[in-house]
Amino acid sequence: MHMRIAVLPGDGIGPEVTAAALQVLERVAQRFGHSVDVHEALIGGAAIDATGSPLPDETLAPCRDSDAILLGAVGGPKWSDPGATVRPEQGLLRLRSELGLFANLRPVTVHPALVDLVPLKAERLQGVDLLVVRELTGGIYFGEKRREGDVAIDGCRYSVLEIERVVRLAAQLARGRTRRVTQVDKANVLETSRLWREVTTRVMREEFPDVAIEHQLVDSMAMHLISKPSAFDVIVTENLFGDILTDEAAVLAGSLGLLPSASIGASGPGVYEPIHGSAPDIAGRNIANPIGTILSVAMMLRWSFKLEAEAAAIEKAVSDVLHSGARTADLSRENSLGTDAMAGLIAAQI
Ligand code: IPM
Ligand code: MN
C-alpha cells in the first residue's frame, strides 16, 4: 500500500516525538512492504512565527490531500500571553473542525510492567481497559466566545445530530468489546447534558439494544475513574469533559506520555496524535517519551489504512520493549533512554 501522510510536528517536544514515530512507521512499512510519502507542514506556534497563522492554508491543503495526519503537539509559553489574539491551540481546533473530526478515540490500558508507577493499589488496576470516545468538534470549545465589559462568556452548544453520530460510533465500537457504554454528562445542571442523555437513551434503545448503557455525572465519574476504573469499558462524553477525564485516566497508565489518540470523521483523513501537550520544559532535550505518538501511528494504520497486522506489530513491539525494562525519563529516574533510543528499540523489535 502507498500511504500519503501529512506530518505536523508543531511545538515543544512535538518535532522530537513525531520524528521518533516516523522512524517506527518506516520500519513497519519496510517490514510489511508498504511505501510512505511524508509531507511535513507547520502548525501551532511554529506556524504563527513563520506565517502569522496557527493553521496556514499551506498546511490545511496538504492535510486535506493526505490519507492521514500525524501530529505532535501545539502550544508553549512564547504564545500564551493572555492578551494574545492568535494562539497555537486555535490551529489544532480549526484542523479538527475543518476536517470534520467529530470523534476522538482515547484508549487507556495498564501495561503490567508499569503497574508500580501508578499511584493506585495494584488490585484496582486489574482488568482496566478503557476506550474514551470524546466528542471533538462541538460544545464549549466551539461555542460563541465574547467579552462584555468585565464579563467573559463561553457558549456551550450541542445539536441532536452532533450527539447522535458520536454516540453511534461509541456503541459500534462497544460491539467489538464488552458491549457496555457509559455516557458522561452534567445533566443535573446543564441543558446540553440533558439533550445528551435524551439522545443517547433513544439511540441506544432503538439501534443498540444489545449494548448496555449507563449514565454518569461527570463529577462522580471523575471519582469512579480512580476508585473503580475496571468497572468501565467504552466511555462517551462531550468535548470538555472528555479532555479532562482522559488526562485523569492517563494516571492509570503510568504516564501521560504513553497515551495515543485518533481523531476521526465520517470520511477523509484522520488526525493521530498523542494526548499529551508540547511539554516546553523538556523540549529539545531528547528525553520525551515517544510511545504515545508511536501508538498513535498504530491507531493510524488500523483506522485509516485498515492494516490490523501492522498496527498490532507496533503495539506488540511497544509492549515487548516495556517488558524488557526499557524506560524513558517519565517512567524511571535511573538509566532512562532518550526519545530516539526508545524509538530505535521499538523499531528494531518489529
Ligand atoms: C488535547 C489538548 C487540546 C484540547 C488543546 C491543546 C487545545 O489538550 O488534545 O487534549 O484541549 O483538545
Ligand atoms: Mn487535553
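Residues numbered from 1 in each chain as written. Chains lettered and ligands numbered in written order. Predicted model: local features only at pLDDT ≥ 70, side-chain atom pairs only at ≥ 80, totals over all residues. Heavy atoms only, no water.

**Here we look at the sheet that holds strand β10 (residues 234-237)**
The strands making up a sheet are joined through hydrogen bonds of the backbone, oriented either antiparallel or parallel. Strand order in this open sheet of 10 strands is β2-β1-β3-β12-β11-β4-β5-β10-β8-β9, and the pairing throughout is mixed. Two strands lie at the open edges of the sheet, namely β2 (35-40) and β9 (212-217), each paired on one side alone. Mean inter-strand twist for the sheet, computed between neighbouring axes without regard to direction, equals 25 degrees. Helix α7 (residues 191-207) contacts β5 (129-135), β8 (180-185), β9 and β10 of the sheet and is inclined by roughly 170 degrees relative to β9. (Pairing = 2+ DSSP bridges. Helix = DSSP H or I, 4+ residues; strand = E, 2+ residues; numbered from the N terminus. Axes fitted to C-alpha atoms, helices over the stretch in contact; angles between N-to-C directions. Contact = heavy atoms within 4.5 Å.)

**What to know about the site of ligand 1**
Residues in close proximity to ligand 1 include E89, R96, R106, R134, Y141 and D243, which together make up its full environment. In the model, an oxygen atom of ligand 1 is placed 2.7 Å from a nitrogen or oxygen of the R96 side chain. Between Y141 and ligand 1, the recorded distance is 2.6 Å, taken from a side-chain N or O atom to an oxygen atom. Considering ligand 1 on its own, with 320 Å² of exposed area, one finds that the protein chains cover 79% of that surface. Broken down by class, the residue content of the shell around ligand 1 amounts to one nonpolar, no polar and five charged. (Near = heavy atom within 4 Å. Polar contact = N/O pair within 3.5 Å; in protein donor to acceptor, adjacent residues only side chain to side chain. Areas by Shrake-Rupley, 256 points an atom, 1.4 Å probe, with all protein chains shown as cover. Nonpolar A, V, L, I, M, F, W, Y, C, P; charged D, E, K, R; others polar.)

**Some words on the confidence of the model for the protein**
Considering every residue of the protein, the mean pLDDT works out to 97; 100% of them sit at 70 or more. When mean pLDDT is compared element by element in the protein, β10 scores highest at 99, while helix α5 (residues 122-125) scores lowest at 94. (pLDDT = per-residue confidence, 0-100.)

**Notes on the pattern of salt bridges**
Tallied over the full model, the rule gives 21 salt bridges. Linking D210 and R179 is a salt bridge whose minimum nitrogen-to-oxygen distance equals 2.4 Å. Taken together, the residues span a long stretch of sequence, with D210 in the loop between α7 and β9 and R179 in the loop between α6 (160-175) and β8 at a distance of 31 residues. When its relative accessible area of 32% is taken as the criterion, D210 is described as partly exposed. (Salt bridge = Lys/Arg side-chain N within 4 Å of Asp/Glu carboxyl O. Buried < 20%, exposed > 50% of the residue type's maximum accessible area, 1.4 Å probe, protein only.)

**Overview of the environment of G76**
Turning to its location among the elements, G76 is positioned in the loop between β3 (68-73) and α4 (88-98). For the pair G76 and Q349, spaced 273 residues apart in sequence, the C-alpha separation works out to 34 Å. If sequence neighbours within four positions are ignored, G76 has contacts with S278 and P280.

**Overview of unusual backbone geometry**
Located in the positive-phi region is R179, a residue other than glycine, with phi close to 55 degrees. Using a relative accessible area of 37% as the deciding quantity, one classes R179 as partly exposed. Here A279, not a glycine, exhibits a phi torsion of approximately 40 degrees, which is positive. Assignment of secondary structure puts A279 in the loop between β12 (270-274) and α10 (291-303). According to the relative accessible area criterion, A279 is partly exposed, its value standing at 23%.

**Examining the pairing of β9**
Pairing analysis gives six bridges linking β8 to β9, with the strands arranged parallel. Counted as the bridge partner of D185 is L217 from β9. Since β8 and β9 lie parallel, the crossover through α7 that links them has a hand, and here it is right-handed. (Right-handed = clockwise from strand over helix to strand, strands pointing away.)

**Details of the packing of aromatic side chains**
Per the stated rule, a full pass over the model turns up one aromatic pair. Measuring from centroid to centroid gives 5.3 Å for Y158 and W196, while their planes differ by 85 degrees, and the two rings are edge-to-face. Placement of the pair is Y158 in the loop between β7 (151-154) and α6 and W196 in helix α7, with a sequence separation of 38 residues. When the ring centre of F32 is taken as reference, the NZ or CZ atom of R31 above it lies at 5.1 Å. (Phe/Tyr/Trp six-rings, centres within 6.5 Å; stacked < 30°, edge-to-face > 60°. Lys NZ or Arg CZ within 6 Å of the ring centre and 35° of its normal.)

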